[in-house]
Amino acid sequence: SHPAFTNHSFGSYHAKVNELAGDRYADTTISSYTSKVRAFVLFCQMCRLLTRKEGSYLGVTGSVELPTITPTLLCFFIVWMYDEGYSTYDSIMKYVTALTTWCKVRGLPNPRHNPATGLTDDSFFAVCHGLKKKMGVAQPTRYPVTLWHLRILKQTAQRILPRLQALNIIAATQLAFAALLRIGEFTSEGKLNPLRHAQRGDVTFLPNQANPTTAQVHVKVSKGDQFRTGAFQTFGLAADSELCPVLALKALFDQDPQPSDKPLFNFNNDTNPHRDTASPSARSKFTKLCSQLFAVAGVSDMYL
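Cut-offs and rules
Residues numbered from 1 in each chain as written. Predicted model: local features only at pLDDT ≥ 70, side-chain atom pairs only at ≥ 80, totals over all residues. Heavy atoms only, no water. Helix = DSSP H or I, 4+ residues; strand = E, 2+ residues; numbered from the N terminus. Expected span 1.5 Å × (residues − 1). Buried < 20%, exposed > 50% of the residue type's maximum accessible area, 1.4 Å probe, protein only. Core = buried A, V, L, I, M, F, W, Y, C linked by side-chain atoms within 4.5 Å. Contact = heavy atoms within 4.5 Å. Axes fitted to C-alpha atoms, helices over the stretch in contact; angles between N-to-C directions. Parallel < 35°, antiparallel > 145°, perpendicular 65-115°, else oblique. Left-handed = near helix turned anticlockwise from the far one by under 90°. Nonpolar A, V, L, I, M, F, W, Y, C, P; charged D, E, K, R; others polar.

Thoughts on helix α4 (residues 71–83)
End to end, α4 covers 18 Å across 13 residues, agreeing with the expected 18 Å (1.5 Å per residue, within 8%). Those residues of α4 lying buried are Pro71, Leu73, Leu74, Cys75, Phe77, Ile78, Trp80 and Met81.

Observations concerning the nonpolar core
Ranked by size, the top nonpolar core spans 38 residues in total, and within it Ile169, Leu175, Phe235, Leu249 and Phe265 carry the most contacts. Counting residues per element, the ones that place at least two in this core are α7 (147–160), α8 (163–179), β3 (203–206), β4 (214–219), α9 (245–255) and α10 (283–296). No other element matches the 10 residues that α8 contributes to this core. Contacts of phenylalanine 265, omitting those with residues within four sequence positions, involve Asn168, Ala171, Ala172, Leu175, Phe186, Leu249, Leu252, Pro280 and Ser281. Within the second largest apolar cluster, 26 residues are counted, among which are Cys44, Leu73, Met81 and Leu131.

Points about the packing of α4 against helix α6 (residues 122–134)
Their axes nearest at 9 Å, the elements α4 and α6 cross at an angle of 15 degrees. Looking at the two axes, α4 sits roughly parallel to α6. The element α4 and its partner α6 pack so that their crossing is left-handed. Note on element contacts: α6 touches α4 through Ser123, Phe124, Val127, Cys128, Leu131 and Lys134, opposite Leu74, Cys75, Ile78 and Tyr82. Classifying every residue of the contact of α4 with α6 gives 8 nonpolar, 1 polar and 1 charged.

Here we look at unusual backbone geometry
Here the amide bond leading from leucine 206 into proline 207 is cis, since omega sits at 0 degrees, within 30 degrees of zero. By secondary structure assignment, the location of proline 207 is in the loop between β3 and β4. Phi is positive for arginine 48, close to 60 degrees, though the residue is something other than glycine. As for its placement among the helices and strands, arginine 48 is situated in the loop between α3 (27–46) and β1 (51–53). Exposure remark for arginine 48: the relative accessible area of 78% places this residue in the exposed category. Here the phi dihedral of leucine 180 falls at roughly 55 degrees; this positive angle occurs in a residue that is not glycine. With respect to the helices and strands, the residue leucine 180 is situated in the loop between α8 and β3. For leucine 180, a relative accessible area of 72% gives the class exposed.

If you want it as structure tokens, here you go:
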């Protein structure tokens, strides 16, 4: 080992790292979040959830210690804000976002996530969805993705993306189009959950991968599957080989082989040293990549 590392104390570096990490948020951002967290402190105060200590905290007389912020407590906070007359769904969600960021800055668990799964908590999702309907949030007009969009996306991906990244985004979009999949049915959120998220082993080529005539994908969880029994979508070769999901999946499996327990798709750049471990199939990466490709092609994806 290098003597400069073995004989050096990193105490001052640790302090500097913590200082820089704390400075990644602008003062105005921290101030905005702090003001919104005060509402949560008030909620806890009214519900007698605070533990008293010395000093003061966020304007509350006498020092306090907040309770552990769980998804259930976050749901109660949302309902409290609704009952208190917070005017819009967006304004309530700004307080939720502020509280989530406040937890992140302090190294606390994400209060939106179920501790057991690391995914968005079902109760939190249901409360937010119900609140959105209750407060009459207008849904934006969405137009269907067409074969023209798929062709533009494929041509742009092949032109500007690294080979493996292009193969993954092309196969993902063509599979989703052919099997009528929602984004959450072929991407992941947070840590890969084999019981919910699509994996390589969920695709079967018939009669075989070398010369497939059809492909079958196992959809483990879907919006219309209320009993969570799963479903299988089967589709054959398309007349247009350029937009054929079977051939797109075959090309992906042939050129970017992965074990059956790996995510079905990997949207990371080929040169990323953590390509296989840095949330490869994240929903946000898929949507961001599609938006970038459409932007390069001069196509607006605002209403897709």
